[in-house]
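Reading the structure
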Amino acid sequence: MAADFNAGRTWTLFQSNGVDVKLNLTQNGDGLLFGSATSSAGPVGTLDNGAAVTGEDIFFVITWSDGKRGRYQGRRGADHKLSGDTFNVFNPGDHSTWATQETFD
């Protein structure tokens, strides 16, 4: 399924645990995402292979400089904002929801 929106730019997701993640992404014609991330908690990270926008859905894993790996999944809503949930791959109980203030077309 093709990507219904472009996430290839710099944007921020706001997590329910109070941590903000600034993403700097590019998106190719197949919807695959590439890029880096900076956390307001301090670590920096890179997107693992397999990150993508598929239809209205977005999925990516960030490997952080502090050794954690965050799995993010979400969806574009009717308001064109993204929201979803995330968890630490190594500790799935470390979970929060996230949302953007930016819209995606």
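What comes next concerns the included structure.

A short note on the overall build of the chain
- The helix and strand tally for the chain stands at zero helices and nine strands.
- Ordered by position from the N terminus, the helices and strands of the chain form the series β-β-β-β-β-β-β-β-β.
- A globule of 105 residues ought to have a C-alpha radius of gyration of about 13 Å, and the chain, at 13 Å, matches this closely.
- Within the chain, the fraction of its 105 residues that count as buried is 38%.
- When contacts within the chain are restricted to residue pairs at least 6 apart in sequence, those whose partners lie at least 24 apart make up 32%.
- About 5,400 Å² of surface is accessible on the chain, with carbon and sulfur atoms providing 49% of the total.
- Distance between charge centroids for the chain: 2 Å, based on 8 positive and 12 negative side chains.

Some details on the pattern of salt bridges
- For the structure on display, the rule yields three salt bridges.
- Among the salt bridges present, the one from R69 reaches D48, with a minimum N-O distance of 2.4 Å. Within this pair, whereas R69 is found in strand β7 (residues 69-76), its partner D48 is found in the loop between β4 (44-47) and β5 (52-54), the two being separated by 21 residues in sequence.
- Overall, D48 belongs to the buried group, its relative accessible area being 18%.

Describing the nonpolar core
- Counting residues in hydrophobic clusters, the biggest one holds 21 residues, and the most contacted among them are W11, V21, L23, I58, F60 and I62.
- Mapped onto this core, the elements with two or more residues apiece are β1 (10-15), β2 (20-27), β3 (33-39) and β6 (57-64).
- Top element by residues in this core is β6. It accounts for four residues.
- Dropping the residues within four chain positions of it, W11 is found in contact with V21, K22, L23, L25, I58, F60, L82, W98, T100, E102 and F104.

Criteria and cut-off values
- Residues numbered from 1 in each chain as written.
- Predicted model: local features only at pLDDT ≥ 70, side-chain atom pairs only at ≥ 80, totals over all residues.
- Heavy atoms only, no water.
- Helix = DSSP H or I, 4+ residues; strand = E, 2+ residues; numbered from the N terminus.
- Rg over C-alpha atoms; globule rule 2.2 N^0.38 Å.
- Buried < 20%, exposed > 50% of the residue type's maximum accessible area, 1.4 Å probe, protein only.
- Contact = heavy atoms within 4.5 Å.
- Areas by Shrake-Rupley, 256 points an atom, 1.4 Å probe, with all protein chains shown as cover.
- Lys, Arg positive; Asp, Glu negative; His and termini not counted.
- Charge placed at Lys NZ, Arg CZ, Asp CG, Glu CD.
- Salt bridge = Lys/Arg side-chain N within 4 Å of Asp/Glu carboxyl O.
- Core = buried A, V, L, I, M, F, W, Y, C linked by side-chain atoms within 4.5 Å.

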